[in-house]
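# A structural walkthrough
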Amino acid sequence: MDLVILAVVIAAVIVVVAGTSLVVSRRRRKEVTAPPPTRQAPPPQAPEPQVGEEAAPTKDEPRRTIDSIDLPDTDVDTGLAPGPTAEAPPEVSIPPAPPVPEPTIPEVEVPEPTAGRLVRLRSRLARSQSSLGQGLLSLLSREHLDEDTWEEIEDTLLTADVGVAPTQELVERLRTRVKVLGTRTPTELRELLRDELVQLIGPDMDRSLSTTRSAEGRPAVVLVVGVNGTGKTTTTGKLARVLVADGRQVVLGAADTFRAAAADQLQTWGERVGAQIVRGPEGGDPASVAFDAVKEGIALEADTVLVDTAGRLHTKTGLMDELGKVKRVVEKHGPVSEVLLVLDATTGQNGLVQARVFAEVVDITGIVLTKLDGTAKGGIVVAVQRELGVPVKLVGLGEGADDLAPFEPEAFVDALVGE
Ligand SMILES: Nc1nc2c(ncn2[C@@H]2O[C@H](COP(=O)(O)OP(=O)(O)OP(=O)(O)O)[C@@H](O)[C@H]2O)c(=O)[nH]1
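Here the structure is a predicted model, which is why all the values come from computation and not from measurement.

## Thoughts on the overall build of the protein chain
Each helix and strand counted, the protein chain has 13 helices and 8 strands in total. Relative to its 419 residues, the protein chain shows a buried fraction of 40%. For the protein chain, the accessible surface area stands at approximately 24800 Å², while carbon and sulfur atoms represent 56% of it.

## Quick look at the pairing of strand β4 (residues 304–309)
The buried fraction of β4 amounts to 6 of the 6 residues, a majority that puts the element mostly inside the structure. Here β4 shows no split at all, with Thr304, Leu306 and Asp308 on one side and Val305, Val307 and Thr309 on the other all buried. Where strand β1 (residues 220–225) and β4 come together, 5 bridges link them in parallel fashion. Counterpart to Ala220 in the pairing with β4 is Thr304.

## Brief notes about helix α4 (residues 147–159)
The terminal C-alpha atoms of α4, which comprises 13 residues, lie 18 Å apart, in line with the 18 Å expected from a rise of 1.5 Å per residue. All buried positions along α4 are accounted for by Thr149, Trp150, Ile153, Thr156 and Leu157. Viewed end-on, α4 has its buried residues packed into an arc of 115 degrees, placing them on one side of the element. Exposed residues on α4 whose side chains face more than 90 degrees from its buried face are Asp148 and Thr159. At its buried positions, α4 is contacted by α3 (122–140) and α5 (164–181).

## What to know about the site of the ligand
Near the ligand you find 19 residues, and of these Lys232, Thr233, Thr234, Asp373 and Glu399 are the closest. Contacts to the ligand include Gly229, whose backbone N or O atom sits 3.1 Å from an oxygen atom. Here Gly231 contributes a backbone N or O atom positioned 3.0 Å from an oxygen atom of the ligand. Protein chains bury 80% of the 660 Å² of accessible surface belonging to the ligand in isolation. Its residues placed into classes, the shell around the ligand shows 1 nonpolar, 11 polar and 7 charged.

## Examining the UniProt feature "domain: SRP54-type proteins GTP-binding" (unreviewed entry) in the protein chain
Mapped onto this structure's residue numbering, the UniProt feature "domain: SRP54-type proteins GTP-binding" (unreviewed entry) falls at residues 391–404. Helix makes up 0% of residues 391–404 and strand makes up 43%, while its end C-alpha atoms are separated by 16 Å.

## Details of the nonpolar core
Counting residues in each nonpolar core, the largest one holds 74 residues, and the members touching the most others are Leu118, Ile364, Leu369, Val395 and Phe412. Residue contributions to this core peak at 7 residues, all from helix α6 (residues 186–201). Residue contributions to this core reach at least three from each of two domains, namely domain 1 (117–201) and domain 2 (220–408). Setting aside its immediate chain neighbours within four residues, Leu118 contacts Leu125, Val395, Leu397, Ala405, Pro406, Phe407, Glu408, Ala411 and Phe412. In this structure, Leu239, Val242, Leu266 and Val368 belong to the second largest nonpolar core, which totals 20 residues.

## Side note on α6
For α6, which comprises 16 residues, the first-to-last C-alpha distance of 23 Å matches the rise-based estimate of 22 Å (1.5 Å per residue) to within 8%. Within the span of α6, buried status applies to Leu189, Leu192, Leu193, Arg194, Glu196, Leu197, Val198, Leu200 and Ile201. Buried residues along α6 sit in contact with α3, α5, α12 (380–388) and α13 (409–417). Of the residues one or two after α6, Gly202 is the one with positive phi, at around 95 degrees.

The rules behind the values
- Residues numbered from 1 in each chain as written.
- Predicted model: local features only at pLDDT ≥ 70, side-chain atom pairs only at ≥ 80, totals over all residues.
- Heavy atoms only, no water.
- Helix = DSSP H or I, 4+ residues; strand = E, 2+ residues; numbered from the N terminus.
- Buried < 20%, exposed > 50% of the residue type's maximum accessible area, 1.4 Å probe, protein only.
- Areas by Shrake-Rupley, 256 points an atom, 1.4 Å probe, with all protein chains shown as cover.
- Pairing = 2+ DSSP bridges.
- Expected span 1.5 Å × (residues − 1).
- Arc of directions from axis to C-beta.
- Contact = heavy atoms within 4.5 Å.
- Near = heavy atom within 4 Å.
- Polar contact = N/O pair within 3.5 Å; in protein donor to acceptor, adjacent residues only side chain to side chain.
- Nonpolar A, V, L, I, M, F, W, Y, C, P; charged D, E, K, R; others polar.
- UniProt positions renumbered as here; feature names shortened; annotations may be inferred.
- Core = buried A, V, L, I, M, F, W, Y, C linked by side-chain atoms within 4.5 Å.
- Domains from an automatic or database assignment.

Here's what the structure looks like:
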């Protein structure tokens, strides 16, 4: 028994000794394998605040309640935009959209009414033609109307391009009437001269323009012809305004394919009054452009198609033949309503020669006398009517858009002799 107890004690001592040495050896191994610290510790600082330290008010500090705090007055306009609220979405800066250019719609003009245009333009006529009207009046007012005076009267009329035959006729009639009159007051003389000049110009000629749709519903077709630079394109543009002012729907045909600027010019005229334009390639066939313009006029149910043709010298047969072709091709749609010959009043007698040649190629139905504001030769009105047997229907009295007037003999003569 004692042996057993002894063996147990020895075993217990062995176990204790073995356990102790194991712990010591582990500790030693740990100390050998642990890496050395690389970071230096920070230098000692003020002790960091600990949680709760600031939350606790100091005992001496007075307490501030919500009532004692000045809040911003909400009624006062600070002039600043309100700041974002908690609910407000975060502000996103959107770059401004590039400005969209306004579409440029050409402004459509309202032309002046045509009625009484010549009366409005009377001052221009009076200015340019005063040598004719006032010259005749002062001669007729002389106390003794001798042969020399009658010759002077004749010269005055010839200088104003009235033409030989009409001048002689007029002088004869004046001689007779002055004799019958006996004593002559200025008013009587003015009336007499006025009557005779109006008769000479022809108050009964039909000066109306065929510009309304035909009974079959086709638009009226107006061809504008003449030599270079007489004012055809300008007249076509001005005439479009006259017609639009009278309530017509107009289509323009730029058959002057020879001069590109003429088509551009006509387009501008058209845009100003809202008239459609048909044009072709530069140097293209003018007859084909004219044909297409009338076709367009028919499709649009327009009232009038105005066709501007290229300026051509009356001496060039090839060009005159081309004009004949333009007319014939257009006539495939139906008859042409008007062929207007544009004559520059400043060219005087040469205008008569042009008129004669053009009349041989195309039947002229009316004359447009342009630039009457720039010449004292208003007598050309009489001469050209006699030459062609067709009336002056329109007169140009300036470069302004509304400086084209229907020709009225009475208003014309009134401007010449004064009232
Ligand atoms: N003072 C004045 N000038 C006018 C009148 N009519 C036209 N003109 C001017 O005459 C010039 C010639 O006019 P256009 O219309 O281009 O002549 P055009 O006959 O078409 O010319 P081409 O196509 O070359 O044959 C322009 O400067 C017009 O402004 C008018 O009645 N009075």
